[in-house]
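Survey of secondary and tertiary structure
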Amino acid sequence: MVAGRGFGRGWNRSRGKDGDGVSYGPAERERLAAAFGHPGVADAYRYRPPYPAEALDILERIITDRPRRVLDIGAGDGALARPLAARVDHVDALDISAAMVEAGRGRPGGRRRNLRWIVGAAETAELGGPYALVTAGASLHWMSWAPTLARLAPAMTGHAFLAIVEHGPYDLPWRAELAEVIARHSRSPGFDPSFRMPDALAAEGLLEITGRATTAPVPFRQPLASFVEQFHSTASLAREWMSAAECAAFDKAIADIAAPYAVGGLLDMDVVAHLAWGRPAGRR
Ligand SMILES: C[S@@+](CC[C@H](N)C(=O)[O-])C[C@H]1O[C@@H](n2cnc3c(N)ncnc32)[C@H](O)[C@@H]1O
């Protein structure tokens, strides 16, 4: 594990990635978050790289209370919740988008008996618990921070952490060209490359950070076409925002940039995850 390298590597540095590096105002957040209700976005999610196993190892390691009940907020298709459910006693996977939850149920591990899907907003949905860990994978920036953290705190066990997790390709050699294309098409003009979710929460007194980690890079290989398609799983680049002509132009531009790096139609990348965890203010 490589500690302390901070969030925002790989295409997380690029405009339009809906993970860390993004700080939305309430109006922009609401407008863009609607993308997660689109079936095309939920479907394209399957082409995102999985979280490195080391990230799951770290999450498992920071759970000390028993039973090991986990709440994953903004679970999406369960990229964290599904593999976590194989390691702990129970996972509640909460997401505001019925389309994302439906996609998640159909993905590997999505129907495990100890995985409960909840369609609802983190700010208002009824929670189970008490939770020995709460995870947020590339999701907290979509939520109202203070009300969300305030209601998480009483639903957590005495030693439970809130863990904020991001992942993505690490130092892509074609990153700069990619960023230009994404900037031309992104529906996220409020992008702020210096924004870091855990630090923003800490600065507002909402989270006391007690640990950080960055996983070692792990290789990820995917067809060029899948690499192009996964961009449409991001809220700011949803197919549903674009005309057919714009989609075709975007897809061609991305494919043209990445194609020289493909071997036999396959792209090789390294994926890293960044984690930060701590105690929400007001926790018992
Ligand atoms: C970028 S995705 C991340 C999905 C997953 N955690 C992952 O790491 O792949 C963000 C998710 O947050 C969900 N979301 C947005 N606002 C939410 C809210 N207020 N409450 C619960 N989920 C929300 C979206 O529907 C979307 O599935």
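For the structure itself, look to the data block above.
Here we summarise the structure given alongside this text. (Residues numbered from 1 in each chain as written. Predicted model: local features only at pLDDT ≥ 70, side-chain atom pairs only at ≥ 80, totals over all residues.)

Here we come to the overall build of the protein. Tallying secondary structure elements over the protein gives 10 helices and eight strands in all. Relative to the compact-globule value of 19 Å for 284 residues, the protein shows a C-alpha radius of gyration of 18 Å, a close match. Once the C-alpha set of the protein is aligned to its principal axes, its extents read approximately 50 × 40 × 35 Å. With 284 residues in all, the protein has 48% of them scored as buried. Pairs at least 24 apart in sequence give 83% of the contacts found in the protein among residues at least 6 apart. (Helix = DSSP H or I, 4+ residues; strand = E, 2+ residues; numbered from the N terminus. Rg over C-alpha atoms; globule rule 2.2 N^0.38 Å. Buried ≥ 20, exposed ≤ 12 C-beta atoms within 10 Å, placed from the backbone. Contact = placed C-beta atoms within 7 Å.)

In this structure, alanine 238 sits in the loop between α9 (224-230) and α10 (244-258). For alanine 238, a count of 23 C-beta atoms within 10 Å translates into the label buried. The spacing of alanine 238 and proline 39 is 199 residues in sequence and 9.9 Å in space, taken between C-alpha atoms. When residues no more than four places from it in sequence are discounted, the contact partners of alanine 238 are Ala35, His38, Gly40, Val41 and His232.

This part covers the site of the ligand. Inspection of the region around the ligand gives 22 residues, with Phe36, Gly74, Gly76, Gly137 and Trp142 positioned closest. In terms of residue class, the shell around the ligand is built from 14 nonpolar, five polar and three charged. (Near = placed C-beta within 6 Å. Nonpolar A, V, L, I, M, F, W, Y, C, P; charged D, E, K, R; others polar.)

Our next topic: the environment of alanine 183. Along the chain, alanine 183 turns up in helix α7 (residues 175-185). For alanine 183 and leucine 237, which are 54 residues apart along the polypeptide, the C-alpha to C-alpha distance reads 10.0 Å.

This brings us to helix α6 (residues 145-152). Listed as buried for α6 are Thr148, Leu149 and Leu152. All buried residues of α6 lie within an arc of 90° about the axis, which places them on one face of the element. At its buried positions, α6 is contacted by β4 (131-137), β5 (156-169), β6 (207-214) and β8 (266-280). (Arc of directions from axis to C-beta.)

Extensive coverage of strand β2 (residues 90-95) is indicated by the burial of six of its six residues. Neither face of β2 is open: one carries His90, Asp92 and Leu94, the other Val91, Ala93 and Asp95, and all of them are buried. Sheet topology note: the β2/strand β3 (residues 115-119) ladder contains five bridges and is parallel. For valine 91, the partnering residue across the bridge sits in β3 and is leucine 115. Since β2 and β3 lie parallel, the crossover through helix α5 (residues 98-106) that links them has a hand, and here it is right-handed. (Pairing = 2+ DSSP bridges. Right-handed = clockwise from strand over helix to strand, strands pointing away.)

For the rest of this paragraph, the subject is unusual backbone geometry. The peptide bond linking arginine 66 to proline 67 adopts the cis configuration, its omega dihedral lying at -5°. Along the polypeptide, proline 67 turns up in the loop between α3 (53-61) and β1 (69-73). The omega angle of the peptide bond from glycine 129 to proline 130 is 5°, so this bond is cis rather than trans. Although it is not a glycine, alanine 138 sits at a positive phi angle of roughly 50°. Relative to the assigned elements, alanine 138 resides in the loop between β4 and α6. Of note in the backbone geometry, aspartate 171 takes a positive phi value of approximately 45° without being a glycine. The residue aspartate 171 is located in the loop between β5 and α7 in this model. A count of 13 C-beta atoms within 10 Å places aspartate 171 in the partly exposed class.

Each regular strand shows side chains that alternate between the opposite faces of the sheet. With 12 of 14 residues buried, β5 lies mostly within the body of the structure. Pairing of β4 with β5, which is carried by six bridges, proceeds in the parallel orientation. Along β5, the bridge assignment pairs threonine 135 with alanine 163. For the crossover that starts at β4, traverses α6 and ends in the parallel β5, the hand is right-handed. Bridge analysis of β5 against β8 gives eight bridges, and the strand direction is antiparallel. Bridge assignment links alanine 163 to a residue of β8, and that residue is tryptophan 277.

It is at 9 Å that the axes of α7 and α10 come closest, and there the two elements cross at 170°. As the angle between them shows, α7 and α10 are arranged roughly antiparallel. The residues of α10 that touch α7, namely those facing Glu177, Leu178, Val181 and His185, are Glu246, Phe250, Ala253, Ile254 and Ile257. Class assignment for the residues of the contact of α7 with α10 results in six nonpolar, one polar and two charged. (Axes fitted to C-alpha atoms, helices over the stretch in contact; angles between N-to-C directions. Parallel < 35°, antiparallel > 145°, perpendicular 65-115°, else oblique.)

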